[in-house]
Amino acid sequence: MIRDNAKKIVEYMLEKVLLLGDLNEDFIIRYDELTNKLNLESENHCRVCCQYLDQLGYANFIENDNGNRSVRLTAKGIDFLESM
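Only a predicted model underlies this, so the values are computations on that prediction, with no experimental measurement involved. (Residues numbered from 1 in each chain as written. Predicted model: local features only at pLDDT ≥ 70, side-chain atom pairs only at ≥ 80, totals over all residues. Heavy atoms only, no water.)

Caption draft 1: Local environment of the pairing of strand β3 (residues 68-73). Within β3, five of the six residues are buried, leaving the element largely enclosed by the surrounding structure. Relative to β3, strand β1 (residues 27-30) runs antiparallel, the two being bridged by four bridges. Along β3, the bridge assignment pairs isoleucine 28 with serine 70. As defined by bridge partners, strand β2 (residues 59-63) adjoins β3 across five bridges and the pair is classed as antiparallel. If you follow isoleucine 62 over to β3, its bridge partner there is serine 70. (Buried < 20%, exposed > 50% of the residue type's maximum accessible area, 1.4 Å probe, protein only. Helix = DSSP H or I, 4+ residues; strand = E, 2+ residues; numbered from the N terminus. Pairing = 2+ DSSP bridges.)

Structural data, given as structure tokens:
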């Protein structure tokens, strides 16, 4: 279940990157908003999925104090998406 929901998160992130037109540009996410937008079971589940992506090098997450997370999708993350 973590892998499937992580895939949803990477799909969302790829949409963001394509809108920005730059794989090297950071963007902001919030776990609570991402949970609602992607219909994930809980904010904690979303956080674990994002940690999974970060630890495997599929995305880089930077914690911010105000609940926002700066994130950057990696080429490895796109490969993860396309390999499923």
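Picking up after the structure, the text goes on.
Caption draft 2: Region of interest: the pattern of salt bridges. By the definition in use, this model includes four salt bridges. We note a salt bridge from aspartate 32 to arginine 30, for which the minimum N-O separation is 3.2 Å. Note on aspartate 32: relative accessible area 28%, which makes it partly exposed. For glutamate 33, the salt bridge goes to arginine 30, with nearest N and O atoms at 3.9 Å. Linked by salt bridges that have partners in common, Arg30, Asp32 and Glu33 make up one network. (Salt bridge = Lys/Arg side-chain N within 4 Å of Asp/Glu carboxyl O.)

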